[in-house]
Amino acid sequence: MEIEKVKERIMEGRPGFTRQYGPARTDHQPGIPLFPQEATRDFVVVLFLTAIMFFLTAFVTPLLGPPRSPQLSELIVPDWYLLFSWGLLKIADIFPEFTLGAGTPLETQFSAVFWGDILSGIPIIALLLLPFLDRGREARPAKAPIRSAVGLAAIVAIFTSSLYSIREVIWQRWMTPNGSPLIDDTAMKWFFVIPPVLVGLSAYVGLRRLGFKSMRKWLVPLTLGSFLLVAGQSLAILFLPGWLAPQVQPYWVPLALFLLLLSGAAGAAALAVLVLPESRARRAVHLTGIVALLAFAGGLLYLGSTDALALDWVLSVLEPNTNTLLLLPGFAVVTAWFGLRRPYSTYEYLLNECYQCGKCHTVCPVTKVEDDALGGLNLVYNSFKKQHDGVPLWTCLACDACSAVCPLDIKYSDYILEERSKAHARSAADGGEVE
Amino acid sequence: MASGASGSLGEEGRRTVFGWIKTRFPSVPWADLTRKAIETDQRQMPRSHAEKYELKTIWYWYPLYCLGGISFVAFIILTITGIILGFFYVPDGRLMRETTGSLTNPAYLSMQRIMFEVPFGFIIRGLHHWAAHIMIAAVFLHMCRVYFTGAYKKPRELNWLIGVLLLLMTILFGYSGYLLPANNLSEGAANIGINMTRASPLIGDQLARLLWGDINTLSGYYILRWYWIHVFILPFLATGVMIVHMGLVWIQGVAEPH
């Protein structure tokens, strides 16, 4: 009798509504058949790919170059995918060179090339160990902030390593007005390490924020530390004797303005994080970023058009200190912005974890009394798919019983409250009329 | 009358020819068995979690979900163009003098022949070149996708390890490939490689003689060594490992973030 009523009300025939949840459900939508749909799509992709190759062949013909000879006249640059390894080989000269067990059969020379071999082996070993190091369950990049941050840092490291491998080209390409390389070897070596670390930290803060964490504990030391480093170095360059090369002394004023702008940007971000409430801090950081970027670009353009030599000398101070003076203010502003961001529309992202165990439906008190809710209601899943025709949205008690049993810790009532406030905001924006 | 039991001449011929082949190579039962196995057991391609549960917000990963396939397509194109190039390439890097007195070598001369004399030779070489670049880029991006979506986790650890092996093989393919034209890029790259090999402790020079034929590039033996690695050893190993890699994907299904 009762079951008949339930069966009547059940929405089984409708798309997305089922009686069973979990692995036992039988009404899976069929996937795309292999033939002819899938096969046709693959065929088109293959033809498209081949067409791209023909196009590249026709317009970017790989030329042969001169035949090999023992006397190499120019710098040989390997293909792009080996540049990072070459960069590791070149950076290996920071390691001490010594010989172990000299005179014995086990003599081992720790030369720069051998250190380079070891360095090239590290990424391979890291890749092999990865599945045994990271044994967590989480698959989503946004919910695994450490893994994603490390991955982004590694990708940036591949780029900076590749950049370091062509250091000679950079030395020849960018010079100070008196003909020495603009960016010296030490600065380029640090540039191999610093950008990956900064990108990793920034990504970590941003991704944790996506999970609604307050990132203040991270933001305060990061932004304040950046500001103190940049301000300290700026002051040292401007006022300590010996820090500023004598050729740059005449351009002290424009240099001071640029340094003021850079430390000002980092300082404003740090101040906003420290003293302002979150929503205002967010706006302040946003404004700081835009103003600082425009002012920096405008300053470069203005100085370049009025006094090109002054610009060259100012850059000769800024560029070798790229790792601190140029990267850290940007890092402070971007990280503060990520860490203060309102992670909008992530409820949908979180709800999408639902694998339809149906526990929320079992414990929900509303489903016990509400006629419409009998049977096919799977709260989280159906709300996410927007197939609940409004019932769970407006009858939910926000008692949080569903979150308490949810195996994936989905905060359903948070989502409901957010959706309700959105609906009210929408109707207010429409002139207070509902539908 | 013509379409009677006796059938037309063409029909008769077709039946004779295909009948002859089918008697000796009975493909039909096997194809039938495979089709039946697939249709009764799985009914379709294995479906991922996201497909089964119609999840929505992962759409932005989709462009990264065919990179393994793209690298495989590139590998097939590389195989085809590589076979054609093999007809014209001479794996001999020993230095010799041209009539003008400048240095050259048979491998480089054969490359010039491919580029300038063989009909469509430069297209075949260009395809080989660009397919190699696309394959390496696709393999690397494929690895990034697997990393960021956590697709290497249990039960797919083994496939990740096989994939790392394939990544190394792909890079070795690329490296050995640009050693072969015996131009100055080849010379520079070979010098770096020989130095790296010789720097390994204890067996450095022996290893260099094994891999490069010599402890420097003067003799030019390295061209022949790496030619054989490039066209036989690596393809032989890589094809096998690729089959295992893709077989495991078939068995385990595609992992998606959920």
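Keep in mind that what you see is a predicted model, and the values were worked out from it rather than measured.

It is worth spelling out the nonpolar core at this point. Formed by 68 residues in total, the largest nonpolar core has its most connected members in A:Met53, B:Tyr89, B:Trp160, B:Leu179 and B:Trp212. The element contributing the most residues to this core is helix α6 (residues 121–148) of chain B, with 13 residues. Not counting residues within four places of it along the chain, the set of residues in contact with A:Met53 comprises B:Ala74, B:Ile77, B:Leu127, B:Ala131 and B:Ile134. Residues A:Met215, A:Val230, A:Val248 and A:Ala332 belong to the second largest nonpolar core, which totals 42 residues.

This part takes up the confidence of the model for chain A. Within chain A, residue pLDDT values average 82, and 81% of them lie at 70 or more. The low-confidence segment residues 10–30 of chain A (pLDDT under 50) makes 40 contacts with residues lying over four places distant or belonging to another chain.

Taking burial as the measure, the nine residues of helix α3 (residues 83–91) of chain A include eight buried ones, the bulk of the element. Those residues of α3(A) that sit buried are A:Leu83, A:Ser85, A:Trp86, A:Gly87, A:Leu88, A:Leu89, A:Lys90 and A:Ile91. In the core, the buried residues of α3(A) are packed alongside α4 (112–133), α5 (145–165), α6 (167–173) and α7 (185–210) of chain A together with α8 (184–198) of chain B.

Inspection of the entire model under this criterion finds 15 salt bridges over all chains. Among the charged side chains, a salt-bridge network with shared partners connects A:Lys90, A:Asp93, A:Arg167, A:Glu168, A:Asp185 and A:Lys189.

Our next topic: the packing of aromatic side chains. Within the structure shown, the criterion is met by 23 aromatic pairs over all chains. Residues A:Tyr204 and A:Trp218 carry aromatic rings whose centres are separated by 4.8 Å and whose planes lie at 50° to one another, so their mutual orientation is tilted. Of this pair, A:Tyr204 sits in helix α7 while A:Trp218 is found in helix α8 (residues 216–239), placing the two residues 14 residues apart along the sequence. Its relative accessible area of 34% is what places A:Trp218 among the partly exposed residues. Through a chain of ring-to-ring contacts, three or more aromatic side chains come together here, namely A:Trp80, A:Tyr81, B:Tyr175, B:Tyr178, B:Trp212, B:Tyr222 and B:Trp226.

Thresholds, definitions, all that
- Residues numbered from 1 in each chain as written.
- Chains lettered and ligands numbered in written order.
- Predicted model: local features only at pLDDT ≥ 70, side-chain atom pairs only at ≥ 80, totals over all residues.
- Heavy atoms only, no water.
- Core = buried A, V, L, I, M, F, W, Y, C linked by side-chain atoms within 4.5 Å.
- Buried < 20%, exposed > 50% of the residue type's maximum accessible area, 1.4 Å probe, protein only.
- Helix = DSSP H or I, 4+ residues; strand = E, 2+ residues; numbered from the N terminus.
- Contact = heavy atoms within 4.5 Å.
- pLDDT = per-residue confidence, 0-100.
- Salt bridge = Lys/Arg side-chain N within 4 Å of Asp/Glu carboxyl O.
- Phe/Tyr/Trp six-rings, centres within 6.5 Å; stacked < 30°, edge-to-face > 60°.

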